[in-house]
Amino acid sequence: ILNVEQSPQSLHVQEGDSTNFTCSFPSSNFYALHWYRWETAKSPEALFVMTLNGDEKKKGRISATLNTKEGYSYLYIKGSQPEDSATYLCASRRSNDYKLSFGAGTTVTVRA
Amino acid sequence: SQTIHQWPATLVQPVGSPLSLECTVEGTSNPNLYWYRQAAGRGLQLLFYSVGIGQISSEVPQNLSASRPQDRQFILSSKKLLLSDSGFYLCACQTGSSYNEQFFGPGTRLTVL
């Protein structure tokens, strides 16, 4: 299991503000980086899968970047809304392994 | 696309009692299947994974076990539950030519008293 770290553990954002948070992972034998959104009382929902250094993915107001050489990914939320409140999980996968190693998540609370 | 079913949704069990959680998958064949647990205030911990019928790999030593009697059925069991087994249990399915993305079931909230 890989050492995947996310920071901060939690953050509070005012509605309309933008925010970002980090996922760091081992860069050796890297295969893919996943982001999931996990809302209370629901199952984790896949947001992005990124594989190439420099990848950028966007879904509505949420976007993510990937740096495989230094082993980090940023997730950005632009113009936060209350419905963005959730725990955001990242997971790393290495070559020749199906398993994902998850970080502990960043819990985002958007205040109206 | 695949659908993942888990039951029960919630469960309250006394310490020392047995456990059986079931996960079934529809809409795909030959998936990789995973059991995760989220303990209070912590991230997702991989417990078991399976790449085929009867094939189980354990990630952490514990008093839980898993079985895969059919291609799309994955069962998590215990003979005697501990207080520390309380948590949220998620089953996940991984399919496709690259077996990349994992899709999660609705989960089971287990409370051991």
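Here is what the cut-offs are and how they apply
- Residues numbered from 1 in each chain as written.
- Chains lettered and ligands numbered in written order.
- Predicted model: local features only at pLDDT ≥ 70, side-chain atom pairs only at ≥ 80, totals over all residues.
- Heavy atoms only, no water.
- Pairing = 2+ DSSP bridges.
- Helix = DSSP H or I, 4+ residues; strand = E, 2+ residues; numbered from the N terminus.
- Axes fitted to C-alpha atoms, helices over the stretch in contact; angles between N-to-C directions.
- Disulfide = S-S within 2.5 Å.
- Buried < 20%, exposed > 50% of the residue type's maximum accessible area, 1.4 Å probe, protein only.

**Quick word on the sheet that holds strand β7 (residues 62-67) of chain A**
Residue and element names in this part refer to chain A.
Part 1 of the reasoning: The 5 strands lie next to each other as β1-β3-β8-β7-β6, forming an open sheet whose pairing is antiparallel. Every interior strand has two partners, whereas the edge strands, β1 (5-7) and β6 (56-59), have only one. Put simply, the sheet's adjacent strands are angled 15° from each other on average, direction ignored.
Part 2 of the reasoning: Across 4 bridges, β6 lies against β7 in antiparallel orientation.

**Quick word on the state of the cysteines**
Structurally, a disulfide amounts to a covalent bond that connects the sulfur atoms of two cysteines.
Part 1 of the reasoning: Across all of its chains, the model carries 2 disulfides over all chains by this definition.
Part 2 of the reasoning: Sulfur-sulfur distance for the disulfide between A:Cys23 and A:Cys90 comes to 2.0 Å. Taking the torsion about the S-S bond as the criterion, the A:Cys23 to A:Cys90 disulfide, at about 75°, is right-handed. Pair noted here: A:Cys23 is in strand β3 (residues 19-24) and A:Cys90 is in strand β9 (residues 86-94), with a separation of 67 residues, a long-range link.
Part 3 of the reasoning: A relative accessible area of 0% means that A:Cys23 is categorised as buried.
Part 4 of the reasoning: Here B:Cys93 stays unpaired: no disulfide links it, and the sulfur of B:Cys91, its closest cysteine neighbor, is 7.6 Å away.

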